[in-house]
Amino acid sequence: THQPANQRRQAEHAGGFQGRTNKLVDSCYSFWQGGAFPLVQSLLQSRGELAPGGAIYNAPALLDYLIVCAQVAQGGLRDKPGKGRDYYHTCYALSGLAVAASASELPGVPEGWVNGVRLINPIFNVVNDKVEAALEHFRAAE
């Protein structure tokens, strides 16, 4: 079985991702680490090395960390409890939330956490329909 290096960065006790060993979890890594998983899963599935719908990370645990620990009551997201919200962590935590929300299986995750979350392209960190429109525009220009 495969275990990508970034899979080892998901903290079992918190559900979020660490940037490196012996560091606390940080919400921005939900995208910087978590954004790679759909790409790796797609590759493994295309090779027949992972069953369709199979997962190589714990998306429900990541969503739990983002909604319960990283969200600030007044709006925005922070890197971890005890810190203030900021635009950087809000952007990448929301991007990670969108990646995790697109997982095929989300047992135990309340629907309200993922309803209305738009699918993003993990390569460009832009909502998927805008990426498709841009790609179509440039294909037509060739």
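Residues numbered from 1 in each chain as written. Predicted model: local features only at pLDDT ≥ 70, side-chain atom pairs only at ≥ 80, totals over all residues. Heavy atoms only, no water.

1. Topic: the side chain of Gln-10
Selection criterion: Strands are runs of DSSP state E lasting at least 2 residues, helices are runs of H or I lasting at least 4, and numbering of each runs from the N terminus. Whenever a nitrogen or oxygen atom comes within 3.5 Å of another N or O atom, the pair is scored as a polar contact, on the condition that within protein one atom can donate a hydrogen and the other can accept it, and that pairs from neighbouring residues in sequence are kept only if both atoms are in side chains. The criterion used for residue contact is that any of the two residues' heavy atoms lie within 4.5 Å.
Here Gln-10 is to be found in the segment before helix H1 (29-32). Here the side chain of Gln-10 touches Gly-15 through a polar contact of 3.0 Å, landing on its backbone oxygen. In terms of polar contacts, Gln-10 uses its side chain to reach the backbone carbonyl oxygen of Asn-58, at 2.9 Å. Setting aside anything within four residues of it in sequence, one finds Gln-10 in contact with Gly-15, Gly-16, Phe-17, Tyr-57, Asn-58, Ala-61 and Leu-62.

2. Regarding the nonpolar core
Heads up, the rule is: To define a nonpolar core, start from buried Ala, Val, Leu, Ile, Met, Phe, Trp, Tyr and Cys residues and group those joined through side-chain atoms within 4.5 Å. Think of it in three bands: with a 1.4 Å probe and only protein chains considered, a residue is buried below 20% of the maximum accessible area for its type, exposed above 50%, and partly exposed in between.
Within the largest apolar cluster, 29 residues are counted, with the highest numbers of intra-cluster contacts made by Tyr-57, Leu-62, Leu-63, Leu-66, Ala-100, Leu-106 and Val-114. Within the residue set of this core, elements represented by two or more residues are helix H2 (36-46), helix H3 (59-70) and helix H4 (87-101).

3. A closer look at H2
Note the threshold: This arc corresponds to the set of directions leading from the helix axis out to the C-beta atoms.
Taken residue by residue, H2 has Phe-37, Gln-41 and Leu-44 as its buried positions. Summarising the axial view, the buried residues of H2 lie within an arc of 65°, below the 170-degree limit, and thus occupy one face. Two residues or fewer after H2 comes Gly-48, characterised by a positive phi angle close to 75°.

4. A few points about unusual backbone geometry
The backbone of Asn-22 shows a phi angle near 65°, a positive value even though the residue is not glycine. With respect to the helices and strands, Asn-22 occurs in the segment before H1. You will see that Asn-125, though not glycine, has its phi angle at about 55°, which is positive. Judged by its relative accessible area of 21%, Asn-125 is partly exposed.

5. Looking at the state of the cysteines
For clarity, the cut-off: Two cysteine sulfur atoms form a disulfide, by the criterion used here, when they sit within 2.5 Å.
One pass over the full model with this rule turns up 0 disulfides. Not engaged in a disulfide, the cysteine Cys-28 finds its nearest cysteine sulfur in Cys-91; these two sulfurs lie 10 Å apart. Residue Cys-28 is classed as buried on the basis of its relative accessible area, which comes to 4%. The structure places no disulfide on Cys-69, whose sulfur is separated from the nearest cysteine sulfur, that of Cys-28, by 15 Å.

6. A word on H4
Note the cut-off: Expected helix span is given by 1.5 Å per residue-to-residue step, counting one fewer step than there are residues.
For H4, which comprises 15 residues, the first-to-last C-alpha distance of 21 Å matches the rise-based estimate of 21 Å (1.5 Å per residue) to within 8%. Most of H4 sits out of view: 11 of its 15 residues are buried. Buried residues of H4: His-89, Thr-90, Tyr-92, Ala-93, Ser-95, Gly-96, Leu-97, Ala-98, Val-99, Ala-100 and Ala-101, and no others. The inward-facing, buried residues of H4 abut H1, H2, H3, helix H5 (111-114) and strand E1 (120-121).

7. Examining the packing of H3 against H4
Basically, it comes down to this: To obtain each axis, a line is fitted to C-alpha atoms, and for helices this fit is confined to the stretch in contact; angles are then taken between N-to-C directions over 0 to 180 degrees. Just so you know how the angles are binned, under 35 degrees is roughly parallel, over 145 roughly antiparallel, 65 to 115 roughly perpendicular, and the rest oblique. Take the far helix as the reference: if the near one is turned anticlockwise from it by less than a right angle, the crossing is left-handed, and if turned clockwise, right-handed.
Where H3 meets H4, the closest approach of the two axes is 9 Å, and the angle between their N-to-C directions is 150°. By the angle between their directions, the pair H3 and H4 is classed as roughly antiparallel. In the crossing of H3 with H4, the sense of the turn from one axis to the other is left-handed. Taken together, the residues of H4 that come into contact with H3 (itself represented by Ala-59, Leu-62, Leu-63, Leu-66 and Ile-67) are Ala-93, Gly-96, Leu-97, Ala-100 and Ala-101.

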